[in-house]
Amino acid sequence: MASPEQKVVLITGCSSGIGLRMAVMLAKDEKKRYHVIATMRDLKRKDKLVEAAGDAYGKTLSLAVLDVCNDESVKQCINGIKNRHIDVLVNNAGIGLVGPIESIPIEEMKKVFETNFFGVIRMIKEVMPDMKKRRGGHIIVVSSVMGLQGVVFNDVYAASKFAMEGFCESLAVQLLKFNVILSLIEPGPVHTEFEAKMIQDVKQKEYPGADSDTVHYFKNVYLPSSVDIFEAFGQTPDDVAKCTKKVIEASRPRFRNLTNPLYTPIVALKYADETGGLSVHAFYHMLFNMGPLMHVSMVAMKYLTCGCLRRRTISPN
Ligand SMILES: NC(=O)C1=CN([C@@H]2O[C@H](COP(=O)(O)OP(=O)(O)OC[C@H]3O[C@@H](n4cnc5c(N)ncnc54)[C@H](OP(=O)(O)O)[C@@H]3O)[C@@H](O)[C@H]2O)C=CC1
Ligand SMILES: CC1=C(/C=C/C(C)=C/C=C/C(C)=C/C=O)C(C)(C)CCC1
């Protein structure tokens with residue numbers, strides 16, 4: 001149970017990756033400022049979290065079941081919290097989807113929106129009214145650089161995060177009137193099960209309905225580049241957890257928080273040309289003309305990233 005001085009932080013999707021590391025980092029805060037309610041849809045997957053939490057488990061960290069796709073599950077979880085009081089809601093649960101759209105059933109696309117978009121809205125609808133009444137609270141949404149900029153063959157995933165960005169940008173203004181802060185976390189590639197699931201998924205799928213050229217561009221051009229980008233730019237879930245903790249602790253949290261200084265120059269392309277041509281053509285060139293040179297250029301970019309762009313990023317250190 002939380003003491004009156006502690007902030008109650010509820011996080012979704014804590015069975016692995018970013019959610020797990022955030023839960024552990026906040027629960028192990030030196031000054032014990034947080035009581036973390038680490039939620040997951042299936043408690044059978046709790047072992048990694050419990051092990052990583054160590055002594056904090058049962059003290060500053062408690063577990064609860066919550067499936068962001070299920071109204072009842074969300075209501076039950078929030079009703080189970082003392083006075084339904086949550087100071088910080090971290091919407092982290094999310095799923096990825098890659099591949100040619102010709103071969104992805106609409107039902108699978110809807111699942112991505114159901115989790116990444118409606119899942120977040122379901123949580124906010126349940127928690128926000130109490131925060132508004134109390135005139136205080138902080139809602140955090142783990143979006144993505146793909147919420148700001150599309151990436152080839154990630155069409156539906158990017159769309160789900162773009163939708164989230166539009167929703168949050170609109171809601172943030174109203175919430176400010178009630179002293180409720182809304183912040184977006186915008187990670188680039190992060191080494192978690194998200195990456196592993198994507199690689200596994202690609203190995204299993206046949207991509208029916210997509211022509212052989214498209215499947216070739218996906219499997220032999222996009223995928224190796226994507227692996228390179230994860231290798232050159234990938235952050236750890238701890239990096240993202242550290243950035244998020246900084247956002248929670250900031251006296252005036254920023255609305256958008258990019259976590260990865262190495263990826264920031266790519267996002268900057270979007271803002272350098274409002275017609276969008278620069279990003280589309282630069283990405284086309286990087287993908288289809290540079291081929292194996294992409295790896296070299298990724299490494300070069302790692303060292304050339306200029307200081308002004310780094311300053312636009314929340315540093316994990
Ligand atoms: N890894 C990356 O490169 C990046 C990730 N992100 C975002 O970070 C967030 C966390 O992903 P990450 O840690 O990387 O990936 P993981 O796959 O490691 O973690 C995702 C978590 O979400 C949970 N989840 C999925 N569906 C639901 C649901 N219906 N209800 C509750 N929980 C659910 C998973 O639970 P279960 O174990 O039950 O499946 C898991 O705990 C996501 O929103 C993702 O879009 C953003 C940028 C980059
Ligand atoms: C292939 C390719 C790219 C890939 C980017 C990737 C793979 C980003 C991954 C981001 C993730 C995983 C976000 C999760 O939410 C670039 C750099 C746009 C340049 C053009 C070619």
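All values reported here derive from a predicted model rather than from experimental measurement.

Give a detailed account of the site of ligand 1, specifying residues and quantitative values.
Every one of the 31 residues lining ligand 1 counts as a neighbour, but Ser-15, Arg-45, Tyr-157, Thr-192 and Lys-197 are closest to it. Between ligand 1 and the protein, one listed contact pairs an oxygen atom with a backbone N or O atom of Ile-18 at 2.8 Å. Val-68 has a polar backbone atom sitting 3.0 Å from a nitrogen atom of ligand 1. For ligand 1, whose free accessible area comes to 900 Å², the fraction covered by protein is 96%. At the level of secondary structure, the elements contributing two or more residues to the shell around ligand 1 comprise helix H1 (17-27), helix H5 (155-177) and helix H6 (193-204).

Give a description of the nonpolar core that names residues and reports values.
The biggest cluster of nonpolar side chains holds 31 residues, and the ones touching the most others in it are Leu-10, Leu-89, Ile-139 and Val-141. Those elements giving two or more residues to this core turn out to be strand S1 (7-11), helix H3 (71-79), helix H4 (106-134), strand S5 (137-142), H5 and strand S6 (180-186). Among the elements that make up this core, the one with the highest residue count is H4 (eight residues). Once residues lying within four places of it in the same chain are set aside, the contact partners of Leu-89 are Leu-10, Met-123, Ile-124, Val-127, Met-131, His-138, Ile-139 and Ile-140.

Break down helix H8 (residues 237-249) for me, with residues and values.
Compared with an ideal rise of 1.5 Å per residue, which puts 13 residues at 18 Å, H8 spans 18 Å between its outermost C-alpha atoms and is within 8% of the ideal. All of the buried residues in H8 are Pro-237, Asp-239, Val-240, Ala-241, Cys-243, Thr-244, Lys-245, Val-247 and Ile-248.

Give a description of unusual backbone geometry that names residues and reports values.
In this structure, Asn-179 is a non-glycine residue whose phi angle is positive, near 60 degrees. Topologically, Asn-179 is positioned in the loop between H5 and S6. Positive phi values are uncommon outside glycine, yet Tyr-207 reaches one of about 60 degrees. Here Tyr-207 lies in the loop between H6 and helix H7 (212-233). Judged by relative accessible area, which is 4%, Tyr-207 ranks as buried.

Give a description of the pairing of strand S3 (residues 61-65) that names residues and reports values.
Each regular strand shows side chains that alternate between the opposite faces of the sheet. Bridge count between strand S2 (residues 34-40) and S3: five bridges; the pairing is parallel. Looking across to S3, one finds that Thr-39 is bridged to Ala-64. With helix H2 (residues 47-53) bridging S2 and the parallel S3, this β-α-β connection has right-handed handedness.

Please give an account of the site of ligand 2 that cites residues and values.
The local shell around ligand 2 holds 15 residues, among which Ser-144, Met-146, Tyr-157, Ile-229 and Phe-230 are the closest. For ligand 2, an oxygen atom lies 2.6 Å from a polar atom in the side chain of Ser-144. A distance of 2.6 Å separates an oxygen atom of ligand 2 from a polar side-chain atom of Tyr-157. The set of elements that each furnish at least two residues to the shell around ligand 2 consists of H7 and helix H10 (277-289). Among the elements that take part in the shell around ligand 2, H7 stands out by supplying five residues, more than any other. Here the shell around ligand 2 is built from residues that sort into twelve nonpolar, three polar and no charged.

Hey, could you go over the UniProt feature "domain: Ketoreductase" (unreviewed entry) in the chain for me, with residue numbers and the actual values?
When the UniProt feature table is mapped onto this chain, "domain: Ketoreductase" (unreviewed entry) is found at residues 7-188. The span residues 7-188 is 43% helical and 19% strand by assignment, and the distance between its end C-alpha atoms comes to 28 Å.

Talk me through the pairing of strand S4 (residues 88-91); I want residue IDs and the actual numbers.
Side chains of S4 alternate between two faces, with Val-88 and Val-90 and Leu-89 and Asn-91 buried alike. In this sheet, S5 lies alongside S4 in parallel orientation, the contact comprising four bridges. Counterpart to Asn-91 in the pairing with S5 is Val-141.

Describe H4, with residues and values.
In this model H4 runs 40 Å from its N-terminal to its C-terminal C-alpha over 29 residues, within 8% of the 42 Å that 1.5 Å per residue would give. Roughly 40 degrees is the biggest bend found in H4, and it falls at Phe-118. A positive backbone phi angle near 55 degrees is found at Arg-135, which sits one or two residues after H4.

Go over the sheet that holds S3, please, and point to the residues and values.
Strand order in the open sheet made by the seven strands is S3-S2-S1-S4-S5-S6-S7, with parallel pairing throughout. Taken across any chain shown, the strands that pair with only one partner, and hence form the sheet edges, are S3 and strand S7 (256-258). Within the sheet, the average angular offset between the axes of one strand and its neighbour, ignoring direction, is 20 degrees.

About the criteria used
Throughout, residues of each chain are indexed from 1 in the direction in which the sequence is written. For naming, the first written chain is A and the first written ligand is 1, with later ones following in the order written. For this predicted model, a pLDDT threshold of at least 70 governs which residues receive local features, and a threshold of 80 or more governs which side-chain atom pairs are given and counted, while totals over whole chains, interfaces and linings are taken from all residues. Water and hydrogen atoms play no part in the side-chain values, which are based on all heavy atoms of the structure. We define proximity as follows: a residue is near a molecule or strand when any one of its heavy atoms falls within 4 Å of that partner. Any pair of nitrogen or oxygen atoms within 3.5 Å is treated as a polar contact; in protein, a donor-acceptor pairing is required on top of that, and neighbouring residues in sequence qualify only through side-chain atoms on both sides. Working definition of accessibility: Shrake-Rupley area with a 1.4 Å probe, residue cover restricted to the visible protein chains. Runs of H or I in DSSP of at least four residues are treated as helices and runs of E of at least two as strands, each being numbered from the N terminus. Put simply, buried Ala, Val, Leu, Ile, Met, Phe, Trp, Tyr and Cys residues joined by side-chain atoms within 4.5 Å make one nonpolar core. Per-residue accessibility, obtained with a 1.4 Å probe over protein chains only, is compared with the maximum for each type, and a residue is labelled buried under 20%, exposed over 50%, and partly exposed between these values. The contact criterion used is simple: two residues touch if any of their non-hydrogen atoms lie within 4.5 Å. Take the residue count of a helix, subtract one, and multiply by 1.5 Å to get its expected span. Two strands qualify as a pair provided DSSP detects at least 2 bridges between them. Handedness of a crossover: with both strands directed away from the viewer, a clockwise path from the first strand across the helix to the second marks it as right-handed. Classification convention: Asp, Glu, Lys, Arg as charged; Ala, Val, Leu, Ile, Met, Phe, Trp, Tyr, Cys, Pro as nonpolar; all other residues, Gly among them, as polar. UniProt positions are given in the numbering used here, feature names are shortened, and annotations may be inferred rather than shown by experiment. Bend angle per residue: angle between axes fitted to the 7 residues ending at that residue and the 7 residues starting there. Helix axes are fitted to C-alpha atoms over the stretch in contact, other axes to C-alpha atoms as well, and angles between N-to-C directions run from 0 to 180 degrees.

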